[in-house]
Protein chains: 2
Amino acid sequence: MSSAASLALLLQELDHLDLVTAGPQLQQLSQDQFGFSPLLSALFHDCRADVVVRARCREEVVSVAAACHRHGVPLTPRGSGTGNYGQCVPLQGGVVLDTSAMTAVRHLDPVAGVLTAEPGCRLLELDRQLQPQGWALRLAPSTWRTASLGGFIAGGSSGVGSLRWGLLRDPGNLLGLEVVTMEAQPQVLQLGPEACRGLNHAYGTNGVFTAVTVPLAPWQNWQELVISCPNQATALALGEQLTASALEIDGLAYLDAELMGRMPPLPGLEMPSAPCLLLIAAPAALAVIGELAAASGAHCCFQRDQWPPSGLLLRELCWNHTTLQLRLQDP
Amino acid sequence: MSSAASLALLLQELDHLDLVTAGPQLQQLSQDQFGFSPLLSALFHDCRADVVVRARCREEVVSVAAACHRHGVPLTPRGSGTGNYGQCVPLQGGVVLDTSAMTAVRHLDPVAGVLTAEPGCRLLELDRQLQPQGWALRLAPSTWRTASLGGFIAGGSSGVGSLRWGLLRDPGNLLGLEVVTMEAQPQVLQLGPEACRGLNHAYGTNGVFTAVTVPLAPWQNWQELVISCPNQATALALGEQLTASALEIDGLAYLDAELMGRMPPLPGLEMPSAPCLLLIAAPAALAVIGELAAASGAHCCFQRDQWPPSGLLLRELCWNHTTLQLRLQDP
């Protein structure tokens, strides 16, 4: 815990920055979605930043890191706060550093398919900029709309990946970081693929990201599919079969009959009370998926272009979003 | 063996078609590259078609199949003859059906990335048509320049695939076939993904392809790389590491030091007498490949765009082409 005197000095030093020192925003920016867990809720309920700094550029991040170091005030960086485990909760108060205003695309190499962007860029917004150039982010969580690039890499994602690209931590999915260190004279480090592995999914505890370099994937006209299956065993076997085939499938999730029956409806689909596979697949995979499903007594009951995203997305029924949908009905 | 009388009747019936009945072309079109094997050379040396029919369209294929059935004359379809195992050798003479003049692209769906083309299309020529639209064939053998689509699927490929898409036989890599059956009234069947699995790599023995439907991959600016390694164990370990990472790698081959020293030179590269990994990788993979190689004491000694293909290609040092290169020096 920082002393009141230290905090006062720090605030004075940073008063040219965009600060939040009171009110509901201070509370909100001290939290993520840890409310999913009654245990974490009890633990984190009273954790609150003394001040939130909304950095607008790398130089401001350097100023904040230097001031925190000088005055012995804890610094907790945050992204969009879509995590479920308190990754951005300031356990000992102090400064929360919000980088959501840092949204520049620093560089896009449209030949190599490599993007360098600031940590506050939201994933879907990046994809909106990439799509006209034929590229897309490789990995997108169920919080595609709201998650930030920095938060996704630093700790927002517990590791959900794609069937094509594996997990975020697999070598090759993060090519570089620009990082501000926490020391008397903070350094701005440019880290390559190997050097940045130790900072991937480390919650910003060993450096604050000010730029992230990731490889892209060629954009595809991904299709959202719901495959209704006669029973659980069939669904799981079909899932194994699909993922072992030479099909372009981005993601696959299984929801049992009871969960499916309680999900909010996708447009034009009466949600089946049957075990279902939820798939995001390339158009060229559809004929084979249809045949393999039919051979299992399953059938496709929903198909829609994922792009442009509108309304409820298929991926928003998956992973931790399944829990979120249930909580919206029954908190 | 067909009787002379049967053959005479057949020739009379087909005399409106493009026929080869004598000369070096008859010999050439009765062979593939079985000469790699002294055993197969002895077996196939005297096998020769009585007539080669160069079909120009599906209707001509139907006429040939009907005539062969009617007169009891064996029918052997062939592609470019790049196989090494006599797949297109007419063991009992009769008709060799050459589909190399059937080169129409029937349909390209540029959104889904699905191509339907006639069997005589050469793979590289297809890629030349696909590339401006941002697509490419998924799988290309070392005979990319000369192999035909029909021959590649029917039997030219012994199964070389890509690290991304697996083997030709993996469900999803062949979406459809148009096939002429061998019976009194030959049928023209349109087969979907599941139905055509039994004809994939069956040498045309259960039907003559007149169109092939395959899924495509987004085009990438693939890089040809040669990684020189300090020793064999390092090379193999690095190969394992690269293929287990989230890197876009199309193909990887290992050549030991002696083989590398005997390969023809790639432009600007003095071929190293060291164990080497030969890689075809996407630009976004280069930084990680470079770092992993350096950490193993290996280094990249050659890098070139694969597209547009010119001169000796990296893939032409791999798979059965390694043998071919050695035979060119020492038959």
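Please read all numbers here as calculations on a predicted model, not as lab measurements. (Residues numbered from 1 in each chain as written. Chains lettered and ligands numbered in written order. Predicted model: local features only at pLDDT ≥ 70, side-chain atom pairs only at ≥ 80, totals over all residues. Heavy atoms only, no water.)

Asks: Is there a simple way to explain the relation of the copies chain B and chain A in this structure?
Replies: Both copies of the chain are related by a screw-like operation: a rotation about an axis and a shift along it. Between the two copies, chain B and chain A, the superposition gives an RMSD of 0.0 Å; the rotation angle is 180 degrees and the shift along the axis is 0.0 Å. Taken together, the rotation and translation describe the operation of a two-fold axis. By C-alpha distance to the rotation axis, the residue of chain B lying nearest is B:P218, at 3.1 Å. The overlap is high: 100% of the interface residues of chain B also sit at the interface in chain A, so the same surface is used on both sides. (Least-squares fit on C-alpha atoms with pLDDT ≥ 70 in both. Contact = heavy atoms within 4.5 Å.)

Asks: I would appreciate a short explanation of the packing of aromatic side chains in the present structure.
Replies: Both the distance between ring centres and the angle between the ring planes are used here to describe each pair of aromatic rings. Residues and elements named next belong to chain A. Per the counting criterion, the structure on display carries four aromatic pairs over all chains. With a centroid separation of 6.1 Å and 50 degrees between ring planes, the pair formed by W144 and W307 is classed as tilted. Here W307 lies in the loop between β14 (299–305) and α10 (320–329) and W144 lies in the loop between β7 (135–137) and α6 (149–156), a separation of 163 residues in the sequence. With a relative accessible area of 3%, W144 lands in the buried category. Of note, R315 hangs over the ring of W144, and the distance from its end group to the ring centre comes to 5.0 Å. (Phe/Tyr/Trp six-rings, centres within 6.5 Å; stacked < 30°, edge-to-face > 60°. Helix = DSSP H or I, 4+ residues; strand = E, 2+ residues; numbered from the N terminus. Buried < 20%, exposed > 50% of the residue type's maximum accessible area, 1.4 Å probe, protein only. Lys NZ or Arg CZ within 6 Å of the ring centre and 35° of its normal.)

Asks: What exactly am I supposed to notice about helix α1 (residues 4–13) of chain A here?
Replies: Side chains three or four residues apart in an α-helix point the same way, a direct result of the helix having 3.6 residues per turn. Residue and element names in this part refer to chain A. Buried residues of α1: S6, L7 and L10, and no others. Down the axis of α1, the buried set is contained in an arc of 95 degrees. They therefore lie on one face. Away from its buried face by more than 90 degrees, α1 exposes A4, A5 and Q12. (Arc of directions from axis to C-beta.)

Asks: What exactly am I supposed to notice about the environment of A:E270 here?
Replies: You can see A:E270 is positioned in the loop between α8 (257–262) and β13 (276–281). Expressed as a C-alpha distance, the spacing of A:E270 and A:F302, which sit 32 residues apart in the sequence, is 9.3 Å.

Asks: Is there a simple way to think about the side chain of A:T82 in this case?
Replies: Residues and elements named next belong to chain A. By the element assignment, T82 lies in the loop between β3 (75–78) and β4 (95–98). With relative accessibility at 19%, the residue T82 sits in the buried group. Setting aside residues no more than four positions away along its own chain, T82 makes contact with Q33, T143, T146 and A147.

Asks: Just to check I follow, could you spell out the sheet that holds strand β12 (residues 249–255) of chain A for this structure?
Replies: Strands belonging to one sheet form pairs held by backbone hydrogen bonds; the direction of such a pair is parallel or antiparallel. Residues and elements named next belong to chain A. The sheet built from four strands is open, its strands ordered β12-β13-β11-β14 with antiparallel pairing. Looking at strand neighbours, the two that pair on one side only are β12 and β14, the edges of this open sheet. Looking at each pair of strands side by side, their axes are set apart by 15 degrees on average, direction ignored. Note that strand β11 (residues 223–228) and β13 share six bridges and pair antiparallel. Opposite Q223, over in β13, you have A281 as the bridge partner. (Pairing = 2+ DSSP bridges. Axes fitted to C-alpha atoms, helices over the stretch in contact; angles between N-to-C directions.)

Asks: Got a minute to help me understand the packing of helix α7 (residues 232–243) of chain B against helix α9 (residues 286–295) of chain B in this structure?
Replies: Two numbers describe a pair of packed helices, the interaxial angle and the distance between the axes. Residue and element names in this part refer to chain B. The contact between α7 and α9 brings their axes to 10 Å, and the two run at 150 degrees. The angle between α7 and α9 falls in the class roughly antiparallel. Viewed along their axes, α7 and α9 form a crossing whose handedness is right-handed. Every residue of α9 that contacts α7 at L238, Q241 and L242 is listed here: I289, L292 and A293. (Parallel < 35°, antiparallel > 145°, perpendicular 65-115°, else oblique. Left-handed = near helix turned anticlockwise from the far one by under 90°.)

Asks: Got a minute to help me understand helix α9 (residues 286–295) of chain A in this structure?
Replies: Residue and element names in this part refer to chain A. Listing the buried residues of α9 in full gives V288, I289, L292 and A293. Projection of α9 onto a plane perpendicular to its axis shows the buried side chains occupying an angular sector of 130 degrees, all on one side. Away from the buried face of α9 by more than 90 degrees, exposed residues A294 and A295 are located. At its buried positions, α9 is contacted by β11, α7 (232–243) and β13. Backbone geometry just downstream of α9 places G297 in the positive-phi region, at approximately 75 degrees.

Asks: Just checking my understanding: could you explain the sheet that holds strand β1 (residues 18–20) of chain B for this structure?
Replies: Residue and element names in this part refer to chain B. Pairing is mixed across the open sheet formed by four strands, whose spatial order is β1-β2-β4-β3. Pairing within the sheet leaves two strands with one partner each, and these edge strands are β1 and β3 (75–78). For this sheet, the mean angle separating the axes of adjacent strands, direction not counted, is 25 degrees. Here four bridges tie strand β2 (residues 51–54) to strand β4 (residues 95–98), and the two strands are oriented parallel to one another. Its bridge partner being in β4, V51 is matched across the sheet by V95. Where helix α4 (residues 58–71) meets the sheet, it contacts β2, β3 and β4, and its direction lies at approximately 170 degrees from that of β4.

Asks: Please clarify how the domain arrangement of chain A should be interpreted in this entry.
Replies: One frequent convention defines the size of an interface as the accessible area lost when the parts assemble. All names here are of chain A. With domains assigned, chain A is organised as domain 1 (4–98), domain 2 (105–218) and domain 3 (223–329). Taking only C-alpha atoms into account, the centre of domain 2 sits 27 Å from that of domain 3. Each partner contributes to the roughly 1300 Å² buried at the junction of domain 2 and domain 3, and carbon and sulfur atoms together form 62% of this total. The interface formed by domain 2 and domain 3 holds one salt bridge in total. Ionic pairing is found between R145 and E316, a salt bridge with its closest N-O pair at 2.5 Å. Put simply, domain 2 and domain 3 have five residue pairs in polar contact (both at pLDDT 80 or more) between them. Of the residues assigned to the side of domain 2 that touches domain 3, the class counts are six nonpolar, four polar and five charged. (Domains from an automatic or database assignment. Buried area = accessible area lost by both parts, 1.4 Å probe. Salt bridge = Lys/Arg side-chain N within 4 Å of Asp/Glu carboxyl O. Polar contact = N/O pair within 3.5 Å; in protein donor to acceptor, adjacent residues only side chain to side chain. Nonpolar A, V, L, I, M, F, W, Y, C, P; charged D, E, K, R; others polar.)

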